[in-house]
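Understanding the architecture of this molecule
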Amino acid sequence: MMNLLLEVFNSGNGSLIKAVDVGEALGGLARSISCSADGRMVAMAMNKNVHVWGWYKDDLHHQHSLHWPKSPILRVCFSAGSEMLISASQDGSAMLWRKHGSKWSKQQSYHIGAGAIYCALFSSDSNQIAFACEDATVRIQNF
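Residues numbered from 1 in each chain as written. Predicted model: local features only at pLDDT ≥ 70, side-chain atom pairs only at ≥ 80, totals over all residues. Heavy atoms only, no water.

1. Here we look at the overall build of the protein
Secondary structure assignment for the protein yields one helix and 13 strands. Going from N to C terminus, the protein has its helices and strands arranged as β-β-α-β-β-β-β-β-β-β-β-β-β-β. Against the 2.2 N^0.38 benchmark of 15 Å for 143 residues, the protein shows a C-alpha radius of gyration of 15 Å, consistent with a compact globule. Reported as C-alpha extents along the three principal axes, the dimensions of the protein are approximately 40 × 35 × 30 Å. In the protein, which comprises 143 residues, the share counted as buried stands at 42%. Taking as baseline every contact in the protein between residues at least 6 positions apart, the subset at least 24 positions apart corresponds to 35%. Accessible surface, the protein: about 7500 Å² in total, of which carbon and sulfur atoms supply 50%. Across the protein, 12 positive and 11 negative side-chain charges occur, with their mean positions spaced 7 Å apart. (Helix = DSSP H or I, 4+ residues; strand = E, 2+ residues; numbered from the N terminus. Rg over C-alpha atoms; globule rule 2.2 N^0.38 Å. Buried < 20%, exposed > 50% of the residue type's maximum accessible area, 1.4 Å probe, protein only. Contact = heavy atoms within 4.5 Å. Areas by Shrake-Rupley, 256 points an atom, 1.4 Å probe, with all protein chains shown as cover. Lys, Arg positive; Asp, Glu negative; His and termini not counted. Charge placed at Lys NZ, Arg CZ, Asp CG, Glu CD.)

Spelled out as structure tokens, the structure:
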């Protein structure tokens, strides 16, 4: 089993704050990572799952595994307010996840294109999502 470290550094002085071996616990290849705007959460796309990590009492803990059974997830991104996540997959599908209290749930699924979605980003007001697709198109989804 390969080691996959999630390392958090102090942006001011570059010192290591925390290192967690997530590869041993979760297995697989990390394809994408996103940090919440407030710095309290980290989401990682690994295989067909999004793993959400969060800070609790100065320690980083695995909080949730969000499963998307259709296809490997290539990209994950937090919304500006950190209350939503978008995961984009190899098969052209995407899932909008919404945080309710301390739990995450599936909000809406989308079929964006015939090929993989390589990038997915929220607009600054979190009312739209832009998708960069394998067919060389960019698609905008309102919700």
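2. Topic: the sheet that holds strand 9 (residues 93-100)
In space, the four strands of this open sheet follow the order 7-8-9-10, with antiparallel pairing throughout. In this open sheet, the two strands that pair with only one neighbour each are strand 7 (73-78) and strand 10 (103-111). Averaged over all pairs of adjacent strands, the angle between their axes in this sheet comes to 20°, without regard to strand direction. Both strand 7 and strand 8 (residues 84-89) contribute to a ladder of five bridges, which runs antiparallel. Within strand 8, the position partnered with Val76 by the bridge is Ser87. (Pairing = 2+ DSSP bridges. Axes fitted to C-alpha atoms, helices over the stretch in contact; angles between N-to-C directions.)

3. A look at the pattern of salt bridges
Where charged atoms of side chains with opposite charge meet at close range, the side chains can pair. Applying the stated criterion to the full structure yields one salt bridge. Two residues, Asp135 and Arg139, come together in a salt bridge whose shortest N-O distance is 3.0 Å. A relative accessible area of 40% means that Asp135 is categorised as partly exposed. (Salt bridge = Lys/Arg side-chain N within 4 Å of Asp/Glu carboxyl O.)

4. Brief notes about the environment of Asp91
Here Asp91 shows up in the loop between strand 8 and strand 9. Among the residues examined, Asp91 registers a relative accessible area of 28% and is labelled partly exposed. C-alpha of Asp91 to C-alpha of Leu74: the two residues are 17 residues apart in sequence and 9.7 Å apart in space. There is a polar contact of 2.5 Å between the side chain of Asp91 and the side chain of Ser93. (Polar contact = N/O pair within 3.5 Å; in protein donor to acceptor, adjacent residues only side chain to side chain.)

5. A closer look at the environment of Ala80
Position of Ala80 among the secondary structure elements: in the loop between strand 7 and strand 8. The partly exposed category is assigned to Ala80, whose relative accessible area is 44%. With sequence-adjacent residues up to four places away left out, Ala80 is seen in contact with Ala37, Ser124 and Ser126.

6. What to know about the sheet that holds strand 4 (residues 41-46)
The strand order across the open sheet built from four strands is 3-4-5-6, with neighbouring strands paired in antiparallel fashion. This sheet does not close on itself; its edge strands, each paired only once, are strand 3 (30-35) and strand 6 (59-67). Each strand of the sheet is rotated relative to its neighbour by a mean of 20°, with strand direction disregarded.

7. As for unusual backbone geometry
Although it is not a glycine, Ser82 adopts a positive phi angle of roughly 65°. Within the secondary structure layout, Ser82 lies in the loop between strand 7 and strand 8. Backbone geometry places Ser126, a non-glycine residue, at a positive phi of 60°. With respect to the element layout, Ser126 can be found in the loop between strand 11 (117-122) and strand 12 (128-133).

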